Amino acid sequence: MDKLNRFRIEYYKIDAMQEPQRTLQLSALMDKIQQEYGFSLLNNQDYNENNVAVMALYREISTARNI
């Protein structure tokens, strides 16, 4: 199983948690994805275009948080 699928599975497990732990863990997962794939929070169009699946999961997790 590749890294992205492992992150997706982790996301689904976290998504089933209760708040506030859920949002805290989702934020931590976002940090792990950033570190693993080496991108910054700044919108880098080239990176986004070359890593569509990574950025799609990252955005999905971001919008799932209750902040």
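The notes below deal with the structure included here. All figures in this text were calculated on a predicted structure; none of them were measured in a lab.

1. Describing the side chain of Thr23
Tracing the backbone shows Thr23 in helix H2 (residues 21-37). Residue Thr23 is classed as buried on the basis of its relative accessible area, which comes to 10%. With sequence-adjacent residues up to four places away left out, Thr23 is seen in contact with Arg65, Asn66 and Ile67.

2. Quick look at the nonpolar core
Ranked by internal contacts, the top residues of the largest apolar core, which has 16 residues, are Tyr11, Leu29, Ile33, Phe39, Leu57 and Ile61. If you list the elements that add at least two residues to this core, you get helix H1 (3-15), H2 and helix H4 (52-64). Ranked by the residues each element gives to this core, the list is headed by H4, at six residues. Sequence-distant contacts of Leu29, that is, excluding residues within four places in its chain, are made with Phe7, Glu10, Tyr11, Ile14 and Ile61.

3. Notes on the pattern of salt bridges
Here the structure, examined in full by the defined rule, presents five salt bridges. In this structure, the salt-bridge partner of Arg8 is Glu60, at a minimum N-O distance of 3.5 Å. Of this pair, Arg8 sits in helix H1 while Glu60 is found in helix H4, placing the two residues 52 residues apart along the sequence. Two residues, Lys32 and Glu10, come together in a salt bridge whose shortest N-O distance is 2.7 Å. Highlighted residues: Lys32 in helix H2 and Glu10 in helix H1, separated in sequence by 22 residues. A relative accessible area of 37% places Lys32 in the partly exposed class. For Glu10, a relative accessible area of 24% translates into the label partly exposed. If you follow the salt bridges from partner to partner, you end up with Asp15, Glu19 and Arg22 in one network.

Rules behind the numbers
Residues numbered from 1 in each chain as written. Predicted model: local features only at pLDDT ≥ 70, side-chain atom pairs only at ≥ 80, totals over all residues. Heavy atoms only, no water. Helix = DSSP H or I, 4+ residues; strand = E, 2+ residues; numbered from the N terminus. Buried < 20%, exposed > 50% of the residue type's maximum accessible area, 1.4 Å probe, protein only. Contact = heavy atoms within 4.5 Å. Core = buried A, V, L, I, M, F, W, Y, C linked by side-chain atoms within 4.5 Å. Salt bridge = Lys/Arg side-chain N within 4 Å of Asp/Glu carboxyl O.

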